[in-house]
Amino acid sequence: MTATTATEAALRLPALTESERLLLARGPLAVIDLDALAANYRQLQRQSAPAACAPVIKCDGYGLGIAEAGSALAGAGAALFFVARLDDGIRLRQAVPDAEIAVLDGIAEAHVREAEQLRLMPGLSSAESIRSWFAVPRTVAACIQIDTGMSRLGLRPGEAPGLNGVLNGLPAGAVRLHMTHLISADDGDHALCEAQTERFLAAIAGWPRAPRSIVNSAGLYLDRAWHCDITRPGKALHGITPLAPGLPNPLRPVLSVLAPILQIRDVQLGETAGYSATWRSARPARIATVGIGYGNGYLRSLSNRGIAVIGGQRVPVVGRVSMDLITLDVTDVPGPLLAEGFAEMLGPGMDVTELSALAGSNEHEMQIALAHGCHRVYRAASTAPSALT
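Residues numbered from 1 in each chain as written. Predicted model: local features only at pLDDT ≥ 70, side-chain atom pairs only at ≥ 80, totals over all residues. Heavy atoms only, no water.

Caption draft 1: Region of the structure containing the packing of aromatic side chains. A complete count under the given rule lists zero aromatic pairs for this structure. Against the face of W133 rests R138, its NZ or CZ located 4.1 Å from the ring centre. Here the guanidinium or amino end of R232 rests over the ring plane of F82, the centre of that ring lying 6.0 Å away. (Phe/Tyr/Trp six-rings, centres within 6.5 Å; stacked < 30°, edge-to-face > 60°. Lys NZ or Arg CZ within 6 Å of the ring centre and 35° of its normal.)

Caption draft 2: Here's a closer look at the nonpolar core. Membership of the largest hydrophobic core comes to 100 residues, with the highest contact counts inside it found for F134, I292, Y298 and L328. Here this core gets six residues from one element, more than from any other, and that element is helix α3 (residues 34-48). Here L328 is in contact with R286, I287, A288, V290, A308, I310, V315, P316, V317, V318 and A343, once residues within four sequence places are set aside. By size, the runner-up hydrophobic cluster in this structure holds 12 residues, among which are L80, A102, L104 and M179. (Core = buried A, V, L, I, M, F, W, Y, C linked by side-chain atoms within 4.5 Å. Buried < 20%, exposed > 50% of the residue type's maximum accessible area, 1.4 Å probe, protein only. Helix = DSSP H or I, 4+ residues; strand = E, 2+ residues; numbered from the N terminus. Contact = heavy atoms within 4.5 Å.)

Caption draft 3: Fine view of the pattern of salt bridges. Applying the stated criterion across every chain, the model contains 16 salt bridges. With its nearest N and O atoms 3.7 Å apart, the salt bridge here joins R252 to D33. Pair noted here: R252 is in the loop between β9 (230-231) and β10 (255-267) and D33 is in strand β1 (residues 29-33), with a separation of 219 residues, a long-range link. For R252, a relative accessible area of 40% gives the class partly exposed. A relative accessible area of 26% places D33 in the partly exposed class. One salt bridge connects R209 with D229, and the closest N-O pair in it is separated by 3.3 Å. Of this pair, R209 sits in the loop between α10 (190-203) and β8 (212-213) while D229 sits in the loop between α11 (217-220) and β9; the two residues are 20 residues apart in sequence, bridging distant segments of the chain. On the basis of relative accessible area, R209 is assigned to the exposed category, the value being 59%. Look at D229 and you get partly exposed, because its relative accessible area is 23%. Within the structure, one salt-bridge network assembled from shared partners comprises R209, R212 and D229. (Salt bridge = Lys/Arg side-chain N within 4 Å of Asp/Glu carboxyl O.)

Caption draft 4: Structural detail: the state of the cysteines. As enumerated under the stated definition, the model contains zero disulfides in all. We note that C59 lacks a disulfide partner, and the nearest cysteine sulfur, in C374, lies 15 Å from it. (Disulfide = S-S within 2.5 Å.)

Caption draft 5: Here's a closer look at the packing of α3 against helix α5 (residues 66-75). Where α3 meets α5, the closest approach of the two axes is 9 Å, and the angle between their N-to-C directions is 50°. Classified by the angle between their axes, α3 and α5 sit oblique to one another. The interaxial crossing formed by α3 with α5 has right-handed handedness. Facing L34, L37, A38 and Y41 of α3, the residues of α5 in contact are E68, A69, A72 and L73. A breakdown of the residues in the contact of α3 with α5 according to their chemical character gives seven nonpolar, no polar and one charged. (Axes fitted to C-alpha atoms, helices over the stretch in contact; angles between N-to-C directions. Parallel < 35°, antiparallel > 145°, perpendicular 65-115°, else oblique. Left-handed = near helix turned anticlockwise from the far one by under 90°. Nonpolar A, V, L, I, M, F, W, Y, C, P; charged D, E, K, R; others polar.)

Caption draft 6: Layout of helix α13 (residues 352-359). If you check which residues of α13 are buried, you get V352, L355, S356, L358 and A359. Buried residues in α13, looked at end-on, bunch into an arc of 155°, giving them a common side. Contacts made by the buried residues of α13 are with β14 (307-310), β17 (342-346) and α14 (363-373). Measuring from the backbone nitrogen of T353 back to the side-chain oxygen at the start of α13 gives 3.1 Å, which picks out D351 as the cap. (Arc of directions from axis to C-beta. Polar contact = N/O pair within 3.5 Å; in protein donor to acceptor, adjacent residues only side chain to side chain.)

Pasting the structure below:
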């Protein structure tokens, strides 16, 4: 992002209320735009049509809070959700009592009764789990996963014919969907995605018809032929671009992270900042100490690499990222901008794709780490800013 566009983007940072400024004085804030989350879902549903669009909100809704995210998405029209683990499914059920919820990692036998009571559908990923689940009458449907190349969860395609007898004898609706997961849609590997699609469709050819689901966020924008009946966007819900680098992002950012400036000091030529003296000033400089660190999800790999934004002006992280502090070189930032009292660590001026690249990570890890590590504040046009979580 250029300096000009960064300045313009800074104007779109959420304006803080007095109560939020008081919270910011206690530590970094994760400001979550639930209207943007809902708008992104509606955009992805349009892109999915005529297929249904089912949000994937694993890991506590990518760190945003599964109840808050689920409620906003249900309000935007989502009726089927995917989570990874039973605990997320339980919390989500409390927020969206009427929605369908699938637990991708499956449900252990000890928790099946609870899952059925809460109408949580298991992901079945092996011949053994499929036979076991359908050995007795069930009150909820199940999702069957096919491994077409990830070598992770899922039935191998070669095992599918051996289950024809089990699945062909089931009542209608016992299987909610058949699904697989794309390996490298984010890399734009069209040939590999196509090969996976062919393996998947061949594997389920002998089974009774059920809705099919293949694509994730990136796959949703690669080829409509792969949309099948249900799409499963995850990262795109949060405004993380599903498109190739350089293409305009059709989605809105959801998460901003702000951290308080705790102290500003002048340092002389040759003075150091942070543990192990990994940064040494090459000129007389001004250093701002900011209240965020790896304990808040700002990864240690951003030491001497990260970039923050103050009043629209980019400033580098200098020295090591500590547990709850970082230092920024603010020598070139005008005093009135510093007087705002906070730095934008993530947001319009520094998006999660760029920040995660600087950290040598990916957007998922970066967002989850920061959203889990900071006080969360929710915003929606229909309600006042929410309380801290």
